[in-house]
Amino acid sequence: MTKYILNSGGLRNHPEKADKFNREIVKGLGERPNILFCYFAVAREFWEEKFTGYSKRFSESMDKDIKPKFELAYPSKFIDQIKNNDAIVMHGGDDKLLLHWLKQYNLPEIWEGKVVAGSSAGSDALVQQFWACDWRLVMDGLGILPIKFIPHYKSLHNQDDGRGFINWEDAYRELEGYGNKSLPIHALEEGDFIIIEQ
């Protein structure tokens, strides 16, 4: 059984929700959990910087007796890294870039029994279909989880990128009418998350 935790993203804007999310990731993993941070959704030159900053914030959100050990994911070592860690956290960024990397692996089999957490694009990748905030269109995920997903729902995400505010009701309707119409839609406000075990 794999525990999936899908966060809507925008954690830096909601530190209390970020703390709750981080503590859910390590729940039941003991006092020294091994956590793999995956930044495949962002440009390669930013991985180390993001890893250093998020490792610090993650540690600060833990109860005093929990001391996680962190590792930065690399495509060439990803399979072995997954096997050697208790939890995998896939951070947000560009959905298309993340899917490019993740499609190269048989992930449900490789991470069977682990905790797999996603934030924004990291959550999008795990589901059947999602509405991509940056691209402002419906896309297919890896289809690991039989749901549809909208991250950053009703937030001001990317409001100043030249296209103006996102019409969230339109986004919901687009996703609702795409692909398998019987799948449930999880449209989560920033920092909120759901847990699915399968």
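This text goes with the structure placed above it.
Read on for an overview of the structure. Source: prediction; values computed, not measured.

As for the sheet that holds strand E5 (residues 115-119)
- Strand order in this open sheet of six strands is E3-E2-E4-E5-E1-E10, and the pairing throughout is mixed. The two strands at the open ends of the sheet, each matched to only one other strand, are strand E3 (69-72) and strand E10 (193-197). Across the sheet, the axes of successive neighbouring strands diverge by a mean angle of 20°, strand direction being ignored.
- Direction of pairing for strand E1 (residues 3-7) relative to E5: parallel, over a ladder of five bridges. Bridging across to E5, Ile5 finds its partner in Ala117.
- Helix H1 (residues 15-26) rests against E1, strand E2 (34-38), strand E4 (87-90), E5 and E10 of the sheet, and its axis sits at about 170° to E1.

A look at the environment of Ile110
- Relative to the helices and strands, Ile110 is located in helix H5 (residues 107-110).
- Spatially, the C-alpha atom of Ile110 lies 9.0 Å from that of Asp80, the residues being 30 residues apart in sequence.
- Filtering out sequence-adjacent residues up to four positions away, Ile110 remains in contact with Ile79, Ile82 and Tyr105.

Describing the pattern of salt bridges
- For the coordinates displayed, the defined rule picks out six salt bridges.
- The salt bridge partner of Glu24 is Lys3, with a shortest N-O separation of 2.5 Å. Taken together, the positions of Glu24 in helix H1 and Lys3 in strand E1 put the pair 21 residues apart, joining distant regions of the chain.
- Residue classification places Lys3 among the buried positions, given a relative accessible area of 13%.
- The partner of Glu48 in a salt bridge is Arg44, with the nearest N and O atoms 2.8 Å apart.
- By relative accessible area, which is 34% here, Glu48 ends up partly exposed.
- Each of Lys3, Glu24 and Lys27 takes part in one network of salt bridges that share partners.

Digging into the nonpolar core
- The biggest cluster of nonpolar side chains holds 56 residues, and the ones touching the most others in it are Leu6, Ile25, Phe37, Phe78, Trp111 and Leu126.
- Contact partners of Phe78, with chain neighbours within four places excluded, come to Leu36, Cys38, Phe40, Ala73, Leu102, Tyr105 and Leu107.
- Trp131, Ile166, Trp168 and Ala171 belong to the second-largest nonpolar core, a separate cluster that totals 10 residues.

So, the pairing of E5
- For E5, a buried count of five out of five residues is recorded, marking the element as mostly surrounded by other parts of the structure.
- The side-chain alternation of E5 yields two buried faces, one formed by Val115, Ala117 and Ser119 and the other by Val116 and Gly118.

Some thoughts on helix H7 (residues 168-176)
- For H7, the set of buried residues is Trp168, Ala171 and Leu175. Considered in projection along H7, the buried side chains sweep an arc of 55° and stay on one side of the axis.
- Packing partners of the buried residues in H7 comprise strand E6 (127-132), strand E7 (137-140), strand E8 (145-150) and strand E9 (185-187).
- Taking the backbone nitrogen of Glu169 as reference, a side-chain oxygen 3.2 Å away marks Asn167 as the first, capping residue of H7.

Concerning the state of the cysteines
- Under the defined criterion, the tally for this structure stands at zero disulfides.
- No disulfide involves Cys38; its nearest neighbouring cysteine sulfur is the one of Cys133, lying 19 Å away.
- According to the relative accessible area criterion, Cys133 is buried, its value standing at 4%.

Rules and cut-offs
Residues numbered from 1 in each chain as written. Predicted model: local features only at pLDDT ≥ 70, side-chain atom pairs only at ≥ 80, totals over all residues. Heavy atoms only, no water. Pairing = 2+ DSSP bridges. Helix = DSSP H or I, 4+ residues; strand = E, 2+ residues; numbered from the N terminus. Axes fitted to C-alpha atoms, helices over the stretch in contact; angles between N-to-C directions. Contact = heavy atoms within 4.5 Å. Salt bridge = Lys/Arg side-chain N within 4 Å of Asp/Glu carboxyl O. Buried < 20%, exposed > 50% of the residue type's maximum accessible area, 1.4 Å probe, protein only. Core = buried A, V, L, I, M, F, W, Y, C linked by side-chain atoms within 4.5 Å. Arc of directions from axis to C-beta. Polar contact = N/O pair within 3.5 Å; in protein donor to acceptor, adjacent residues only side chain to side chain. Disulfide = S-S within 2.5 Å.

It is worth stressing that arrangement in space is one thing and function is another; only the former is reported here.
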